[in-house]
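Results of the structural survey
The primary structure of each chain is shown beneath.
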Amino acid sequence: AMDSGVAKTMILDWEAYELELQERIGIDQRLMLRVVTRAKKNPKRVVFAEADNIKILKAVQVLKDEKVAIPILLGNKEKIDFLIQENNLDMTGVPIVDPYLDEEKLKHFGDILFEKRKRKGLTPQECHRLMKDRNYYGAMMVELGEADALISGLTKDYPKTILPALQVIGVKEGTDRVAGMYIMNTSKGPFFFSDTTVNVNPTADQLVEIIGLTANGVKFFDIEPRIAVLSYSNFGSAKGDVASKTAKATLMAKAKFPELVIEGEMQANVALNEEIQIGNYPFSDLIGKKANTLIFPDLSSGNIAYKLLSELGNAEAIGPILLGMNKPVHILQLGSSIREIINMVAVAVVDAQTQELK
Ligand code: ACO
């Protein structure tokens, strides 16, 4: 096979990439390097719902060459073949799945969707029509074990991409919630932000669930979560719905997860500044155990915070990592860079490895 020049120009020398990050923004945690190394030990089949996109194909080239994942391209075969040729990519051995070319399978998938959704307002006709949507098709491939993980979302709104996955694959047993976590890799180390992508206005109970999901998500990266529940108030200093909701969620989460370090409700600067806590809140469980995991009271605050930090701050954002799905599905931020796509796939592969052990 031809030696792919694309990969070369795209920095997949992970060691060099991490060193560059370290120099540029002082990041010393080789977090993604660890994930990629783990992924390469046992690469998994990842289906790309948007394989007719050149950024996806370029990321796939790297992932294939570096053996981080075993890619499956989903989409219009003609269009994908054309893009591969036009851009001089080498996709030898990479399967292309074109739903339109296999009527029988499309029908089979539609039948299964109908079985799942017949009491949720869908007719057989609608199910067969929905299956032509690659987010449904890709989710069904993962559901039926034809792929180990799904990557989508580069070109479509988040809600439109996540709904098919929720309907076809659904949430893990023991939860009824999913949430999106971002790793903000900064010069002060990695920080985990959640929920940044799914739950618009969670109740206190739902925040407790988000805390549980997020704690597991942080542990996935071999890091011990130290959780701050954020608000505009510090331990009852201000009134309002968010203040009382986050205070309540903190107490419930402390009771539900006694093994975890959880503190709140608190303002973001207090969460990240031990001196303020020592001076004013000497009872804080985060003293001596600096917070690395920030739980936001709602989607606006979480989503705005991570986007501001990634645009204005010296941080690399990795995610959103979708927590709580029954099988690995990860939905890219609209317009993600090739590097972001590669990072997410590495996470998806390790996610799939972990699921296999269960
Ligand atoms: N966790 C788990 N399952 C859920 C959740 C959730 N948070 N929300 C809905 N579901 C399930 C429902 O239980 C339902 O399952 P069922 O049909 O099997 O009973 C299914 O999903 C559909 O439920 P609906 O009520 O029809 O879905 P809803 O209209 O609530 O939409 C969605 C869910 C798409 C997640 C919605 O909450 C949403 O749009 N969230 C915001 C997403 C967003 O715009 N994020 C910001 C941008 S992302 C970024 O910046 C990268």
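The structure contained in this document is the topic of the report that follows. If you're wondering where the values come from, they're calculated on a predicted model, not measured in any experiment. (Residues numbered from 1 in each chain as written. Predicted model: local features only at pLDDT ≥ 70, side-chain atom pairs only at ≥ 80, totals over all residues. Heavy atoms only, no water.)

All right, on to the nonpolar core then. Generally speaking, nonpolar side chains in soluble globular proteins are found buried as a group. If you look at the biggest cluster of nonpolar residues, it comprises 63 residues, and the most contacted ones within it are Phe48, Leu73, Phe221 and Val345. Looking at this core, the element that brings in the most residues is helix α15 (residues 338-357), giving 10 residues. In this structure, Phe109, Leu122, Val142 and Leu150 belong to the second largest nonpolar core, which totals 29 residues. (Core = buried A, V, L, I, M, F, W, Y, C linked by side-chain atoms within 4.5 Å. Buried < 20%, exposed > 50% of the residue type's maximum accessible area, 1.4 Å probe, protein only. Helix = DSSP H or I, 4+ residues; strand = E, 2+ residues; numbered from the N terminus.)

Moving on, we come to the side chain of Asp195. With respect to the helices and strands, Asp195 occurs in the loop between β6 (189-194) and α10 (204-220). We note that Asp195 is buried and unpaired, the nearest opposite charge coming from Arg177 at a distance of 7.1 Å. There is a polar contact of 2.9 Å between the side chain of Asp195 and the backbone nitrogen of Gly180. Setting aside chain neighbours within four positions, we find Asp195 in contact with Ala179, Gly180, Ile210, Phe296, Asp298, Leu299 and Gly302. (Lys, Arg positive; Asp, Glu negative; His and termini not counted. Salt bridge = Lys/Arg side-chain N within 4 Å of Asp/Glu carboxyl O. Polar contact = N/O pair within 3.5 Å; in protein donor to acceptor, adjacent residues only side chain to side chain. Contact = heavy atoms within 4.5 Å.)

Moving on: the sheet that holds strand β8 (residues 261-266). Sheets are built from strands that pair by backbone hydrogen bonding, the pairs being arranged parallel or antiparallel. Pairing is mixed across the open sheet formed by six strands, whose spatial order is β8-β7-β9-β6-β5-β10. If you trace the sheet from one side to the other, it starts and ends with β8 and β10 (315-323), each paired once. Ignoring which end each strand starts from, the neighbouring axes of this sheet average 20 degrees apart. Alignment of β6 against strand β9 (residues 293-295), held across three bridges, turns out to be parallel. Note that in β9 the partner of Phe193 across the bridge is Leu294. (Pairing = 2+ DSSP bridges. Axes fitted to C-alpha atoms, helices over the stretch in contact; angles between N-to-C directions.)

With that settled, consider the packing of aromatic side chains. If you walk through the whole model with that rule in mind, you get eight aromatic pairs. Arranged with centres 5.0 Å apart and planes meeting at 80 degrees, the rings of Phe220 and Phe221 form a pair that is edge-to-face. Ring geometry for Phe235 against Tyr281: centres 5.0 Å apart, planes inclined by 45 degrees, an arrangement best described as tilted. Taken together, the residues span a long stretch of sequence, with Phe235 in the loop between β7 (226-230) and α11 (241-256) and Tyr281 in the loop between α13 (274-280) and β9 at a distance of 46 residues. Assessed through its relative accessible area of 22%, Phe235 is described here as partly exposed. Here the aromatic residues Phe192, Phe220 and Phe221 are joined through ring pairs into a cluster of three or more. Against the face of Phe220 rests Arg38, its NZ or CZ located 5.6 Å from the ring centre. (Phe/Tyr/Trp six-rings, centres within 6.5 Å; stacked < 30°, edge-to-face > 60°. Lys NZ or Arg CZ within 6 Å of the ring centre and 35° of its normal.)

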